[in-house]
Amino acid sequence: MLLVALTLAVLAPGGAKAFAAQGPSATALRVAGAAEIQDVYVRAPENIPHGELLQVLIVLHGMGGNGPAFASAFTNLVDTQGWLIVAPTITYGDWTNPDQIAREDPALVAWLSDYVRHLSQRTGYSVEPRVLLFGHSRGAQLALRFTEIHPEAVVGVAAASAGTYTLPFSRDRHTGKELAFPFGVANLAQTDGGQAFDARSFESVPIWIGVGAADTNDADVPDAWDQYIGPDRLDRALAFTQALQTLGADGKLHVFPNTGHALTDAMRAAACSHLAAAVASDQSEPEASAT
């Protein structure tokens with residue numbers, strides 16, 4: 001495995017807010033993000049618990065996918081948990097271009113954040129205010145970047161087979177240079193409408209990273225990220241998990257044997273198991289603090 005030059009300097013919460021005016025406003029970002037959303041598929045569990053708020057699972061498809069088809073494979077899993085599933089259909093741009101990602105993901109995150117803030121109105125159900133996220137490939141990148149920008153809105157996140165990652169650091173360890181978005185979070189407040197990286201909140205979110213052991217074709221991923229997280233999806237998953245552990249975040253990696261760049265039933269099941277554990281842990285926290 002490639003030894004990856006990780007970054008260690010963490011951007012202090014709120015440290016970049018003074019520069020937010022240099023970037024787009026949150027309103028402008030939401031409008032730009034909405035333009036990439038074709039529709040949003042919503043499905044409630046078969047048996048809605050009486051008198052309880054529904055936990056929402058947002059599932060984010062990869063390149064060329066669509067919300068209803070992507071969500072259909074989760075039906076049995078979410079029914080078992082009693083979760084409401086939300087699956088937008090997104091028209092992604094060129095995910096291999098860092099400049100495109102630097103524009104596109106803050107816009108999609110801003111749209112999704114607004115959707116989450118108005119979950120009950122948008123879905124028509126009484127729901128928990130904080131969500132679970134699952135993403136595959138391009139959707140995994142978006143799920144993780146949403147969590148980095150809005151950790152306060154996330155109970156747990158699972159990301160399978162991402163091709164690129166944004167490291168939760170502000171500077172490169174070896175060069176000392178600023179690690180700007182989408183490679184790092186140094187200038188996050190300038191790109192996302194003023195929301196600076198909050199390391200403490202991010203550390204508290206359980207993060208599951210899944211990848212196939214045979215997902216190692218370096219021609220499948222853009223070279224611009226190589227110097228930070230390695231040349232292929234397996235190396236990059238390892239590097240990002242190491243970065244999470246360096247930060248002190250709650251990160252876990254699951255490498256699936258004999259698996260390439262595919263979303264398998266085993267991946268979905270393992271991811272949902274992680275998310276269910278995150279919900280259980282979140283629900284037990286008030287009781288623990290009260291004793």
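Quick summary incoming for the structure in this document. Not measured: the values here are computed from a predicted model.

### Regarding the overall build of the chain
In step 1: The helix and strand inventory of the chain stands at eleven helices and seven strands.
In step 2: Taking 19 Å as the expected radius of gyration for a compact globule of 291 residues, we find that the chain reaches 18 Å, a close match to that expectation.
In step 3: In the chain, which comprises 291 residues, the share counted as buried stands at 54%.
In step 4: Partitioning the intrachain contacts of the chain with sequence separation of at least 6 by distance along the chain shows that 75% fall at a separation of at least 24.

### Focus: the pattern of salt bridges
In step 1: One pass over the structure, following the stated rule, counts twelve salt bridges.
In step 2: In this structure, the salt-bridge partner of R43 is D79, at a minimum N-O distance of 2.9 Å. With a gap of 36 residues between them, R43 in strand β1 (residues 37-43) and D79 in helix α3 (residues 75-81) connect regions that are remote in the sequence.
In step 3: For R43, a relative accessible area of 17% gives the class buried.
In step 4: The partly exposed category is assigned to D79, whose relative accessible area is 22%.
In step 5: Between R145 and D105 there is a salt bridge, and its shortest N-O distance comes to 2.9 Å. Here the residue R145 occupies a position in helix α6 (residues 138-149), and D105 occupies one in helix α4 (residues 98-117), the gap between them amounting to 40 residues.
In step 6: Each of E104, D105, R138 and R145 takes part in one network of salt bridges that share partners.

### Some points on the pairing of strand β4 (residues 131-136)
In step 1: Extensive coverage of β4 is indicated by the burial of six of its six residues.
In step 2: Residue alternation in β4 divides its side chains into two sets, V131, L133 and G135 and L132, F134 and H136, and both sets are buried.
In step 3: Where strand β2 (residues 55-60) meets β4, four bridges bridge the pair, whose relative direction is parallel. Following the sheet pairing, V59 is matched in β4 by F134.

### Overview of the nonpolar core
In step 1: Ranked by size, the top nonpolar core spans 60 residues in total, and within it I58 and L133 carry the most contacts.
In step 2: Of all hydrophobic cores here, the second largest spans 25 residues; its members include A71, I85, F256 and A270.

### Quick look at the sheet that holds β2
In step 1: What the seven strands build is an open sheet, ordered β1-β3-β2-β4-β5-β6-β7; its pairing is mixed. At either end of the open sheet lies a strand with only one pairing partner, and these are β1 and β7 (251-256). For this sheet, the mean angle separating the axes of adjacent strands, direction not counted, is 15°.

### Quick notes on the environment of D218
In step 1: Structurally, D218 is set in the loop between β6 (207-212) and α9 (226-229).
In step 2: C-alpha of D218 to C-alpha of A186: the two residues are 32 residues apart in sequence and 27 Å apart in space.

### So, α6
In step 1: Taking 1.5 Å per residue as the helical rise, α6 with its twelve residues ought to reach 16 Å, and the 17 Å between its terminal C-alpha atoms agrees with that figure.
In step 2: In terms of residue burial, α6 counts as a mostly covered element, since twelve of its twelve residues are buried.

### Quick notes on the packing of α4 against α6
In step 1: Where α4 contacts α6, the axes come no closer than 10 Å and their chain directions differ by 70°. Taken together, the axis directions place α4 and α6 in an arrangement best described as roughly perpendicular. Seen along the crossing, α4 lies across α6 with a hand that is right-handed. Along its contact with α4, which presents I101, E104, D105, L108, V109, L112, S113 and V116, the element α6 presents R138, Q141, L142, R145, F146 and I149.
In step 2: Its residues assigned to classes, the contact of α4 with α6 comprises eight nonpolar, two polar and four charged.

### Looking at the packing of aromatic side chains
In step 1: According to the stated counting rule, one finds nine aromatic pairs in the structure shown.
In step 2: For the ring pair F183 and W225, a centre distance of 4.9 Å and an interplane angle of 55° mean the geometry is tilted. Of this pair, F183 sits in the loop between β5 (154-160) and α7 (188-191) while W225 sits in the loop between β6 and α9, and the two are 42 residues apart along the sequence.
In step 3: The buried category is assigned to F183, whose relative accessible area is 17%.
In step 4: You can call W225 buried: its relative accessible area is 0%.
In step 5: Cluster of aromatic residues (ring-pair linked, three or more members): F70, F74 and F134.

Rules of the game
- The residue numbers shown here count from 1 along each chain, following its written sequence.
- For this predicted model, a pLDDT threshold of at least 70 governs which residues receive local features, and a threshold of 80 or more governs which side-chain atom pairs are given and counted, while totals over whole chains, interfaces and linings are taken from all residues.
- Heavy atoms from the whole structure form the basis of all side-chain values; hydrogens and water molecules are not counted.
- Note on conventions: DSSP H or I runs of at least 4 residues are helices, E runs of at least 2 residues are strands, and numbering of each starts at the N terminus.
- For this measure, only C-alpha atoms enter the radius of gyration; the expected value for a globule follows 2.2 Å times N^0.38, where N is the number of residues.
- The classification of residues rests on relative accessible area computed with a 1.4 Å probe and restricted to protein chains. Under 20% of the type maximum is buried, over 50% is exposed, and intermediate values are partly exposed.
- Whether two residues are in contact is decided by their heavy atoms: any pair within 4.5 Å suffices.
- Note on definitions: salt bridges are taken to be side-chain nitrogens of Lys or Arg within 4 Å of carboxyl oxygens of Asp or Glu.
- Any two strands between which DSSP finds at least two bridges are classified as paired.
- For our purposes a nonpolar core is just a set of buried Ala, Val, Leu, Ile, Met, Phe, Trp, Tyr and Cys residues, chained together by side-chain atoms within 4.5 Å.
- Fitting a line to C-alpha atoms yields each axis, with helices limited to the stretch in contact; the angle taken between N-to-C directions then spans 0 to 180 degrees.
- One less than the number of residues in a helix, times 1.5 Å, gives the span that helix is expected to have.
- Here the angle decides the label: under 35 degrees means roughly parallel, over 145 means roughly antiparallel, 65 to 115 means roughly perpendicular, and every other value means oblique.
- Crossings are sorted by hand: turned counterclockwise from the far helix by less than a right angle, the near helix makes the crossing left-handed, and turned clockwise it makes it right-handed.
- The nonpolar class holds Ala, Val, Leu, Ile, Met, Phe, Trp, Tyr, Cys and Pro. Asp, Glu, Lys and Arg form the charged class, and all remaining residues, Gly among them, are polar.
- Aromatic pairing here means that ring centres of Phe, Tyr or Trp (its six-membered ring) are within 6.5 Å. Orientation follows from the plane angle: under 30 degrees is stacked, over 60 is edge-to-face, and everything else is tilted.

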